[in-house]
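# Structural overview
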Amino acid sequence: MKEKNKPILITGGAGFIGSHVIRHFVKKYPVYEIYNLDALTYAGNLENLKDIEDKSNYHFLKGDISDVDLVNQLFRKYRFEAVIHLAAESHVDRSIKDPLAFVRTNINGTINLLNAFKSIWANNFEGKLFYHISTDEVYGTLGETGLFKETTPYSPNSPYSASKASSDHFVRAYGETFDIPYVISNCSNNYGPYQFPEKLIPLMINNIVENKELPVYGDGNYTRDWLFVLDHVKAIDLIFHKAELKETYNIGGLNEWKNIELVNMLCDLADEKLGRENGTSRKLITFVKDRPGHDKRYAIDATKIEEKLGWKPSVTFEEGLSKTIDWYLENKKWLVHITSGDYLEYYREHYN
Ligand code: NAD
Ligand code: TYD
């Protein structure tokens, strides 16, 4: 008789990073039964998974991770042996407008999943895993020098990062108190196909294409460490299969860019691809009011995952950005679908 496939719950699989994780796991591991639990908020889009939705080891479950009854019911029904938890409210600017939405999903939702996982497996955690995906933003901000290490104290500055920090603490606390086998990774800024155009890179690409202003916050001298999303997915795969339990891993690209330099580069690359005269898109750059509590600089020390698990980013920034712009230019329909409705309202309110 065929052995039953291992049931794995991936939350937030209709979002940006989640959809890449789902595609990777569904294709690479036919021995896993992959369940995607997603509430399909403004950021979730099943079009992201069109190419794999018919695979026999993929299943979509629509639902909210903060719904206690639903989550318990799903764990009882499918007996998920592992969880890769990505579902979250993920945008800093939205967290400034509506912090409670971030508490509900990022904190309550995570605790809810931990409780359901604990109640199903409490008598035998052997071979089980709760993998919590987090962000480097929990560490707060860096000055001109230094890097975030796994031992850097948490010091979140936005409601988003405070809610992610809180969820990290709960996962760790459940490990200590209830012996839940967990692992956490904290990654730097991702970019790539399927990212919702409220985040810097896709927002700028979208506006360049539409000849709209490119809103750069403050003086544009804020620094982020950018990683191509598929390099994050490779790290997630390695951590899921090889990490030591109850450990945390930082993931990042050693690829720091000031926002204004990055936007200039995007403008030049896009001009070339769109056949516009060099310098055309840079004219769209507009410096706008700064984000309150804006973190100056993020940068990751990824030595631990490099040395312990042999991970290294494989996509150069030039290559990754070029692929990303090409993808957005080739998928205008996706952009139109996802930027209608709620997003348009948010955009008008936020940038006016
Ligand atoms: P995203 O906003 O693109 O996607 C989030 C997904 O979660 C969406 O599909 C949404 O529908 C779903 N979701 C939201 N609330 C839900 C709820 N209550 N119940 C069920 N599903 C819900 O986010 P992303 O950029 O793909 O980020 C995924 C994870 O990775 C998040 O936990 C985020 O904190 C973390 N992370 C993101 C980055 C980044 O640069 N994007 C970097 C480091 C870590
Ligand atoms: P974002 O993509 O929102 O990611 P995070 O704030 O989580 O790092 O923003 C990346 C950087 O770009 C951040 O310094 C804020 C800045 N930014 C702009 O200058 N203009 C914009 O329209 C957006 C969305 C971000």
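A brief look at the structure comes next.

Cut-offs and rules
- Residues numbered from 1 in each chain as written.
- Chains lettered and ligands numbered in written order.
- Predicted model: local features only at pLDDT ≥ 70, side-chain atom pairs only at ≥ 80, totals over all residues.
- Heavy atoms only, no water.
- Phe/Tyr/Trp six-rings, centres within 6.5 Å; stacked < 30°, edge-to-face > 60°.
- Lys NZ or Arg CZ within 6 Å of the ring centre and 35° of its normal.
- Salt bridge = Lys/Arg side-chain N within 4 Å of Asp/Glu carboxyl O.
- Helix = DSSP H or I, 4+ residues; strand = E, 2+ residues; numbered from the N terminus.
- Buried < 20%, exposed > 50% of the residue type's maximum accessible area, 1.4 Å probe, protein only.

### Brief notes about the packing of aromatic side chains
Counted according to the given criterion, the structure contains 26 aromatic pairs. Residues Tyr78 and Phe80 carry aromatic rings whose centres are separated by 5.7 Å and whose planes lie at 25° to one another, so their mutual orientation is stacked. Members of the aromatic cluster, connected to one another through ring pairs, are Tyr191, Trp226, Phe228, Trp257 and Phe317. The cationic tip of Arg94 hangs over the ring face of Tyr42; the distance from NZ or CZ to the ring centre is 3.5 Å. We note Lys304 situated over the ring of Tyr249; from NZ or CZ to the ring centre the distance is 4.7 Å.

### Overview of the pattern of salt bridges
Taken as a whole and judged by the stated rule, the model has 15 salt bridges. The shortest N-O distance in the salt bridge between Lys149 and Asp301 comes to 3.0 Å. Of this pair, Lys149 sits in the loop between β5 (129-135) and α5 (159-178) while Asp301 sits in the loop between β12 (285-288) and α9 (303-309), placing them 152 residues apart in sequence. With relative accessibility at 39%, the residue Lys149 sits in the partly exposed group. Of the charged contacts, one joins Asp179 and Lys246 as a salt bridge, the two residues approaching to 2.6 Å between their closest N and O atoms. Of this pair, Asp179 sits in the loop between α5 and β6 (182-187) while Lys246 sits in the loop between α7 (229-242) and β10 (247-251); the two residues are 67 residues apart in sequence, bridging distant segments of the chain. Assessed through its relative accessible area of 48%, Asp179 is described here as partly exposed.

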